[in-house]
Amino acid sequence: MSFLRSAARRVVGLVVGDWLQSAVVVFILAAGWLAVSRFGGPALVIMVVLLAGQLVWFARADAVRQSRL
Amino acid sequence: MGQQIFIFGAAFLGSAVESTEALTIVLAVGLTRGWRDPLMGAAAALLTLAVLVVAFGQLLVTTVPESALKLVVGTLLLLFGLRWLHRAVLRSAGVVAMHDEDHAYRQAVSQLGQAAATRDWVGFVLAFKGVFLEGLEVVFIVIAVGGAGHGFPAAIAGGLVAMVVIAAAGLLVRKPLARVPENTLKYGVGVILTSLGTFWAAEGMGAAWPLDFVSILGLAAIYFLASRLAIALIRRPALA
């Protein structure tokens, strides 16, 4: 059972490290989907910038959180 | 052709990192408990992983429409790549200690010492568990990279070649491959997988990229710059 639990945790952990960050990424993609169908290329650029931006934001937030521990 | 080479490269690098970690476990078990059972455990795990690749790969490619496949797999690959990239940023900035195969090896050996009084199949189970759990990430990379990009043969070849190269290196040196630049590799693969995921997710949305597949290089440059910015913002003296 512990092996199955480890495997299940590993499978979920493949794509989810931080639930909030994953939710933000999915939200950006969903908003991007709507925007791309309406505005095309410029919306794609904004989506990529937002995805890159959240990487910086969450890495910094994680670093601050770990420094408090 | 360029796309197939890219898929091979991504699968090779991603699989090489995970194979190095799996090798450390098999070596730790083999060198402390004898080789027969750990090798059988590793082989059983590889067989199970191969079945997973074939079953899920075929299922995905044959049953899911292409645009949905690209959107879903692209999103999952993006999340997966970002997780690796996030970790790589924290390691490069000195917030999290670098992954050390020698340390992982010593830890595994010490755990085995504590388990020495238990039954014989411990070696088999430990090797199976280690290879299977590390291999799940390889399975994911191969299925995701190969499935969305119509490049299953290239992705499977990349994964297999990486595994054979790492296993051969492990056979030669008979100690953990501490010299494999695992942290740098994970950083690079994180950038590549995040870029591929973004590319395919957007294609699944119906977007058309300028210069088609070449756009991935632009995406990789953007994510690399973002990661360097994050590292510069949070940099600390490196942890041991």
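To start, this report covers the structure provided alongside it. In this text the structure is predicted, and so the values were computed from the model without any measurement.

## Describing the interface of chain B and chain A
- Taken together, the contact pairs 39 residues of chain B with 33 residues of chain A.
- Approximately 3100 Å² of surface area, both sides summed, lies buried where chain B meets chain A, with 79% of it carried by carbon and sulfur atoms.
- When the buried surface of chain B facing chain A is broken down by residue, B:Leu79, B:His86 and B:Met205 rank first, second and third, together holding 21% of it.
- On the surface where chain B and chain A come into contact, there are 0 salt bridges.
- At the junction of chain B and chain A, the tally comes to 1 residue pair in polar contact (both at pLDDT 80 or more).
- Listed by contribution, the elements that provide at least two residues to the side of chain B that touches chain A are α3 (66-92), α5 (122-148), α7 (182-204) and α8 (215-234) of chain B.
- The element that contributes the greatest number of residues to the side of chain B that touches chain A is α3(B), accounting for 12 residues.

## A few points about the pattern of salt bridges
Residues and elements named next belong to chain B.
- What the rule picks out here adds up to 6 salt bridges over all chains.
- Here Arg83 makes a salt bridge to Glu137, at a shortest N to O gap of 3.7 Å. Highlighted residues: Arg83 in helix α3 and Glu137 in helix α5, separated in sequence by 54 residues.
- Given the relative accessible area of 7%, Glu137 is considered buried.
- Salt bridges sharing partners connect three or more residues here, namely Glu18, Glu21 and Lys186.

## Thoughts on the packing of helix α2 (residues 19-39) of chain A against α3(B)
- Two elements in contact, α2(A) and α3(B), have axes whose closest approach is 11 Å; the angle formed by their N-to-C orientations is 140°. Taken together, the axes of α2(A) and α3(B) are oblique relative to one another. Handedness of the α2(A)/α3(B) crossing: right-handed. Taken together, the residues of α3(B) that come into contact with α2(A) (itself represented by A:Gln21, A:Ser22, A:Val25, A:Val26, A:Leu29 and A:Trp33) are B:Leu71, B:Thr75, B:Leu78, B:Leu79, B:Leu82 and B:His86.
- Its residues placed into classes, the contact of α2(A) with α3(B) shows 8 nonpolar, 4 polar and no charged.

## Comments concerning the packing of aromatic side chains
All names here are of chain B.
- Overall, the coordinates contain 9 aromatic pairs over all chains when judged by the stated rule.
- Taking the centre distance of 5.8 Å and the plane angle of 20° together, the rings of Phe199 and Trp209 count as stacked. Of the two residues, Phe199 is situated in helix α7 and Trp209 in the loop between α7 and α8; the sequence distance between them amounts to 10 residues. Comparing Phe199 with Trp209, the two get one shared label, buried.
- Put simply, the rings of Phe6, Phe199, Trp209 and Phe213 touch in pairs and so form one group of aromatic residues.
- Its end group placed over the ring of Trp84, Lys186 keeps NZ or CZ at 5.0 Å from the ring centre.

## Focus: the layout of surface pockets
Residues and elements named next belong to chain B.
- Looking at the largest pocket, its volume works out to about 730 Å³.
- Lining the largest pocket are 31 residues, and of these Ser19, Leu46, Val131, Met163 and Ala167 sit closest to its centre.
- Elements with a minimum of two residues in the lining of the largest pocket: α1 (2-33), α2 (36-63), α5 and α6 (152-173).
- Residues of the lining of the largest pocket, tallied by class, amount to 23 nonpolar, 5 polar and 3 charged.

Reading the values: rules and limits
As a convention, each chain's residues are numbered from 1 in the sequence order in which they are written. Chains carry letters and ligands carry numbers; both start at the beginning, A for chains and 1 for ligands, and go up in the order they are written. Note on the predicted model: pLDDT of at least 70 is required for a residue's local features to be given, and 80 or more for side-chain atom pairs to be given and counted; whole-chain, interface and lining totals, by contrast, use all residues. Side-chain figures throughout are based on the complete set of non-hydrogen atoms in the structure, without hydrogens or water. When checking whether two residues touch, look at their non-hydrogen atoms; a contact exists if any pair is within 4.5 Å. The buried area of a pairing is the accessible area, by a 1.4 Å probe, that goes missing from both parts when the two are put together, added over both. Between Lys or Arg on one side and Asp or Glu on the other, a salt bridge is scored when a side-chain nitrogen of the former is within 4 Å of a carboxyl oxygen of the latter. Polar contact criterion, stated in full: a pair of N or O atoms within 3.5 Å, where within protein one must be able to donate a hydrogen and the other to accept it, and residues adjacent in sequence count only if both atoms are side-chain atoms. Only runs of H or I of at least four residues qualify as helices and only runs of E of at least two qualify as strands under DSSP, and these elements are numbered from the N terminus. Buried, partly exposed and exposed residues are distinguished by accessible area as a fraction of the type maximum, computed with a 1.4 Å probe on protein chains only: under 20%, between the cut-offs, and over 50%, respectively. Every axis in this analysis is a line fitted to C-alpha atoms, fitted for helices over the stretch in contact. Angles between the N-to-C directions lie between 0 and 180 degrees. Angular relationships are summarised with four words: roughly parallel below 35 degrees, roughly antiparallel beyond 145, roughly perpendicular across 65 to 115, and oblique for the angles in between. A crossing counts as left-handed when the near helix is turned anticlockwise from the far one by less than a right angle, and as right-handed when that turn is clockwise. Ten residue types, Ala, Val, Leu, Ile, Met, Phe, Trp, Tyr, Cys and Pro, are classed as nonpolar, four, Asp, Glu, Lys and Arg, as charged, and the remainder, Gly among them, as polar. Aromatic rings from Phe, Tyr and Trp, with only the six-membered ring used for Trp, were paired whenever their centres fell within 6.5 Å, and each pair was classed as stacked if the ring planes differed by under 30 degrees, edge-to-face if by over 60, and tilted otherwise. We call a charge positioned over a ring when the NZ of a Lys or the CZ of an Arg lies within 6 Å of the ring centre and within 35 degrees of the ring normal. Buried and open spaces are told apart on a 1 Å grid over the protein atoms alone, a cavity being a set of points where a 1.4 Å probe fits but cannot get out and a pocket being an open set with protein on both sides within 12 Å along at least five of seven lines. Residues with an atom within 4 Å of a point are the lining residues. Grid points are joined across faces, edges and corners, and a volume is the space filled by probe spheres set on the points.

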